[in-house]
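Residue-level structure breakdown
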Amino acid sequence: MIYSELLMVAFIAIFIADLSGFPDVVKEKIREYTRLDIRRLRPLDCSLCLVWWCCLLYAWICGELNIWTAGYSATLSLLAWPVGNVIRLALDLLNKWVNAWAWYFDKDNER
């Protein structure tokens, strides 16, 4: 059960780090208030780091932190970049599909 939950934690962490834009907003707010030029804000803008720490924290909170969950968390963190690329590809394909259907059903479009 903990392994499927860690998988969902990993997907959420990948979404936050790579797709949501949340790390950019945090960096912009830090830049705005402190006038520091921050290029990296680990672990928030690194999907590998965020998956690793979120999975370990979740396993620790659930009382399931052991060598097996740590190894599973490491495996999920190593797969963060390929999974993020697959999610981006799926979103791009969905966007193209929706645009094709919108063009097809467009009333102003002359066929």
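Before reading further, recall that the structure is shown in the block above.
On to the packing of aromatic side chains, then. Overall, the coordinates contain three aromatic pairs when judged by the stated rule. Judged by centre distance (4.9 Å) and plane angle (80°), the ring pair of Y3 and Y72 falls under edge-to-face. With Y3 in helix α1 (residues 2–19) and Y72 in helix α4 (residues 67–78), this pair connects stretches of sequence that are 69 residues apart. When its relative accessible area of 25% is taken as the criterion, Y72 is described as partly exposed. Ring geometry for W97 against W101: centres 6.2 Å apart, planes inclined by 70°, an arrangement best described as edge-to-face. Here W101 and W97 lie together in helix α5 (residues 80–104), a separation of four residues that amounts to about one turn.

According to the stated counting rule, one finds seven salt bridges in the structure shown. Two residues, K27 and D24, come together in a salt bridge whose shortest N-O distance is 3.8 Å. Taken together, the residues K27 and D24, both in helix α2 (residues 22–34) and three residues apart, mark about one turn of the helix. We classify K27 as buried; its relative accessible area is 10%. Residues D45 and R40 are paired through a salt bridge, measuring 3.4 Å at the closest nitrogen-oxygen approach. Put simply, D24, K27, R40 and D45 are held in one network by salt bridges that share partners.

As a further point, take the environment of C49. Residue position: C49 is located in helix α3 (residues 47–62). C-alpha of C49 to C-alpha of C62: the two residues are 13 residues apart in sequence and 20 Å apart in space. In this structure C49 touches R42 and P43, once residues within four positions along its chain are discounted.

Turning our attention to α4. Since one α-helical turn is 3.6 residues long, residues separated by three or four positions face the same way. With 12 residues, α4 should cover 16 Å at 1.5 Å per step; its first-to-last C-alpha distance of 16 Å lies within 8% of that length. Packing partners of the buried residues in α4 comprise α1, α3 and α5. A side-chain oxygen of the first residue of α4 lies 3.0 Å from the backbone nitrogen of W68; this N-cap is N66.

So, how was this worked out
Just so you know, the residues in each chain are numbered from 1, in the order the chain's sequence is written. Owing to the predicted nature of the model, reporting of local features is limited to residues with pLDDT of at least 70; listing and counting of side-chain atom pairs is limited to 80 or more, with chain, interface and lining totals taken over all residues. Each side-chain value is worked out from all heavy atoms of the structure, with water and hydrogens disregarded. Aromatic rings from Phe, Tyr and Trp, with only the six-membered ring used for Trp, were paired whenever their centres fell within 6.5 Å, and each pair was classed as stacked if the ring planes differed by under 30 degrees, edge-to-face if by over 60, and tilted otherwise. Counting from the N terminus, the helices are the DSSP runs of H or I reaching at least four residues and the strands are the DSSP runs of E reaching at least two. A simple rule labels every residue: compare its accessible area, found with a 1.4 Å probe on the protein chains alone, to the largest value its type can have, and call it buried under 20%, exposed over 50%, or partly exposed in between. When a carboxyl oxygen of Asp or Glu lies within 4 Å of a side-chain nitrogen of Lys or Arg, that pair is called a salt bridge. Here, residues are in contact when the closest pair of their heavy atoms is within 4.5 Å. To estimate how far a helix should extend, the number of its residues minus one is multiplied by 1.5 Å. Identification of polar contacts relies on pairs of N or O atoms within 3.5 Å, with a donor-acceptor requirement for protein atoms, meaning one able to donate a hydrogen and the other able to accept it, and with residues adjacent in sequence counted only if both atoms are side-chain atoms.

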